[in-house]
Amino acid sequence: MTRILFATSEVFPLVKTGGLADVSASLPEALCKLGYDCQILLPGYPAALKAAREAGSRRKTRFRHGQYDVSLWQTRLPGTAVTLWLVDSPALFDRAGDSPYQNKEGEDWWDNAHRFHLFAQIGAMMASGQLDLGWQPDIVHCNDWQTGLIPVFLNGNQHPPKTVFTIHNLAYQGLFSQETFRALGLPDYLWHYSFLEFHDQLSFIKGGLVFSDAITTVSPSYADEIQTPWFGYGLDGLLRHRSAHLKGILNGIDTRTWNPEDDPWLDFHFGADNLKNKEKCKERLQKDLALSVTNAPLLGFVGRLVEQKGLDWILAVLRPLLEMGCQFAMLGSGQAHYQERLQELAREWPHQFSLTLGYNEGLAHQITAGSDMFLMPSRFEPCGLNQMYSLRYGTIPIVHGVGGLNDTVFDPGEEPAEKANGLVFREPTADAFFDTVRRALRLLSEKKIWRQLQRNGMAEDYSWKQRAREYADLYQSLITGVNGNHED
């Protein structure tokens, strides 16, 4: 049985700031179901240690590492059979607040480099068998900059495990000063542009990009995009150099939580062959949000109200679409100037435009189920999940053709009828977005074509089981040196 150590800085439900936490929970569980022994390594944050103690877990080992006391706890990820290891070092990880990276004022912890340097050292010691735990991985799967030094520390070991490094968002690189590089005691040879130096800074992410055996990112299109100056954040040259070792694998979604046939957040359930109840979901959503209960096109949005999500383009098209009779249901929070402009529109058009600031899990499901269309005009999107949720619920996504959006949404103007499931605009402008929404409105009146788009989207397999097979094939190819197949 192939053994995998999955190193991550967050995992749902213990600690979450974004999609990494969901991947870190879902992918290891899916791999275990395929017959792999996948175990998670996580910093010992207070909430994680509390859950471990409440579950009756015990320390497996305790030792002094440099100036830090370290304990390793072995437990289970709540709600699963997946083994979870916690690196408990109170001086570094026993911090107040919900964020693993910032204090309550939203400032990065001053010693983040020290915290994730130690985490990487313990991960490498575990992976190379130095801790005598009775378990040693064949593969170490690292995620984002917080784990980027693990492949560095394993480099040069005799018979090290193979390493995979996944980029979830290249915008976050773990950059620190040269003084920090010296303070960590890293070998001098690593201060070189071929290794960890990046424009006179220490780059944790470069450790993963330079030293890992394979690099993945969260969609095939994003894997191509980050090799260009427009999306590469200065690392496109390195990624082009390592392109033979770079692969894009889409994230999956939790199809148990997101299932229109038995979603507990919905009063009415439906499937691809029974879309009547979807209309009832729309009517209920209109009533709940105090929108006019009509057959007007209802467009949904759930996400952060920030430039990356295309909020400037959304604001440019809202008024003309409202004047055409469209309705909008928006849920999210973000930059104040976007929130204020949206609030003005909501006051001006109370029966056509609903804005809910913050996050509400139930309402997210209800908007996804009750809308006719779902807006995702992101400027960039490494993978994206909401478009897959909306496809599963028969809600036609309108997306900018970047990253994972480009790999999951297929336009009838570009693809055969049996594949098309949404609408895509290519030019990064508000005009292109507006033209595509208007095209969607025309298609909405052509019931036969619209039903085909819905059924195509609802028929796709967005589950983690399928994605896990792709990771399993990658692991096997690293171990055997040839393309392998997943274990059944």
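To be clear, the structure that these remarks concern was listed above.
Let us look at the structure shown here. None of the values given here were measured: they were computed from a predicted structure.

1. A few points about the overall build of the chain
Helices and strands together make up the secondary structure of the chain, namely 18 helices and 18 strands. Compactness check: the chain gives a C-alpha radius of gyration of 24 Å against a globular reference of 23 Å for 488 residues, within 12% of the reference. Overall, the C-alpha framework of the chain stretches about 65 × 45 × 45 Å when taken along its three principal axes. Residues classed as buried in the chain amount to 59% of the 488 residues present. Within the chain, residue pairs in contact and separated by at least 24 positions form 67% of the contacts whose partners lie at least 6 positions apart.

2. Examining helix α13 (residues 361-370)
One turn of an α-helix holds 3.6 residues; hence residues three or four places apart share an orientation. In terms of burial, α13 is a largely internal element, 8 of the 10 residues being buried. Looking at α13, one finds that the buried residues are Gly 362, Leu 363, Ala 364, His 365, Ile 367, Thr 368, Ala 369 and Gly 370. For α13, the capping residue at the N-terminal end is Asn 360, with a side-chain oxygen 3.1 Å from the backbone nitrogen of Gly 362.

3. Re the packing of helix α10 (residues 276-288) against α13
Helix-helix packing is characterised by the crossing angle of the two axes and by the distance between the axes. The interhelical angle for the contact between α10 and α13, taken along N-to-C directions, is 125 degrees, at an axis separation of 8 Å. Taken together, the axes of α10 and α13 lie oblique to each other. For the element pair α10 and α13, the recorded crossing hand is left-handed. Between α10 and α13, the residues in contact are Lys 278, Cys 281, Lys 282 and Leu 285 and Leu 363, Gln 366, Ile 367, Thr 368, Ala 369 and Gly 370, respectively. Here the residues of the contact of α10 with α13 sort into 5 nonpolar, 3 polar and 2 charged.

4. Description of the sheet that holds strand β18 (residues 423-425)
Strand order in the open sheet formed by 6 strands is β15-β14-β13-β16-β17-β18, with parallel pairing between adjacent strands. On the outer flanks of this sheet lie β15 (353-357) and β18, each paired with one strand and no other. Direction aside, the axes of adjacent strands within the sheet are offset by 15 degrees on average. Running over the sheet, helix α11 (residues 311-323) touches β13 (298-302), β14 (327-332), β15, β17 (396-400) and β18 and is turned about 155 degrees from β14.

5. Thoughts on the sheet that holds strand β7 (residues 162-167)
Spatially, 9 strands are ordered β3-β4-β5-β2-β1-β6-β7-β11-β12 in an open sheet, and the strand pairing comes out mixed. The sheet is open, and its two edges are formed by β3 (58-65) and β12 (246-248), each paired on a single side. When strand polarity is set aside, the average angle formed by the axes of neighbouring strands in this sheet is 20 degrees. Note: strand β2 (residues 37-43) against strand β5 (residues 83-88), 4 bridges, orientation parallel. Looking across to β5, one finds that Ile 40 is bridged to Leu 84. Contacts from helix α1 (residues 19-33) reach β1 (3-7), β2 and β6 (139-143) within the one sheet, and its direction differs from that of β2 by about 155 degrees. Across the sheet, helix α2 (residues 46-54) lies against β2, β4 (68-76) and β5, angled at about 125 degrees from β5, the strand it touches most.

6. Considering the pairing of β17
Summarising burial for β17: 5 of the 5 residues are buried, a large majority. Burial of the side chains of β17 extends over both faces: Ile 396, Ile 398 and His 400 are buried on one face and Pro 397 and Val 399 on the other. Where strand β16 (residues 373-376) lies against β17, 4 bridges are found, and the strand directions are parallel. Among the inter-strand pairings, Phe 374 is bridged to a residue of β17, identified as Pro 397.

7. Observations concerning the packing of helix α16 (residues 430-444) against helix α17 (residues 447-459)
For the pair α16 and α17, the least separation of the axes is 7 Å and the interaxial angle reads 110 degrees. Considering the angle they form, α16 stands roughly perpendicular to α17. Residues Ala 440, Leu 443 and Leu 444 of α16 form the contact with α17, whose participating residues are Lys 447, Ile 449, Trp 450 and Leu 453. Along the lines of polarity and charge, the residues of the contact of α16 with α17 split into 6 nonpolar, no polar and 1 charged.

What counts as what
- Within any chain, residue numbers begin from 1 and follow the written order of that chain's sequence.
- Given that the model is predicted, a residue must reach a pLDDT of at least 70 before its local features are reported, and side-chain atom pairs must reach 80 or more before they are shown or counted; all residues, however, enter totals for whole chains, interfaces and linings.
- Only heavy atoms go into the side-chain values, all of them from the structure, while hydrogens and water stay out.
- Here a strand is any run of E in DSSP of at least two residues, a helix any run of H or I of at least four, and the numbering for each starts at the N terminus.
- Here the globule rule is a power law, 2.2 Å times the number of residues to the power 0.38, and the radius of gyration is based on C-alpha atoms.
- Burial classes: relative accessible area under 20% of the type maximum marks a residue as buried, over 50% as exposed, and values in between as partly exposed (1.4 Å probe, protein chains only).
- Contacts are assigned to residue pairs that have any heavy atoms within 4.5 Å of one another.
- In protein, a polar contact means a hydrogen-donor-capable atom and an acceptor-capable atom, both N or O and within 3.5 Å, with residues adjacent in sequence counting only if both atoms are side-chain atoms; elsewhere, any N or O pair within 3.5 Å suffices.
- Helix axes are fitted only over the stretch in contact, all axes being lines through C-alpha atoms; the angle between N-to-C directions runs from 0 to 180 degrees.
- Every angle not falling under 35 degrees, over 145, or within 65 to 115 is termed oblique; those three ranges are roughly parallel, roughly antiparallel and roughly perpendicular.
- Helix crossings get a hand from a simple test, with the near helix turned counterclockwise from the far one by less than a right angle marking a left-handed crossing and a clockwise turn marking a right-handed one.
- Under the scheme applied here, ten amino acids are nonpolar (Ala, Val, Leu, Ile, Met, Phe, Trp, Tyr, Cys and Pro), four are charged (Asp, Glu, Lys and Arg), and all others, including Gly, are polar.
- Each pair of strands is called paired provided DSSP finds at least two bridges between the two strands.

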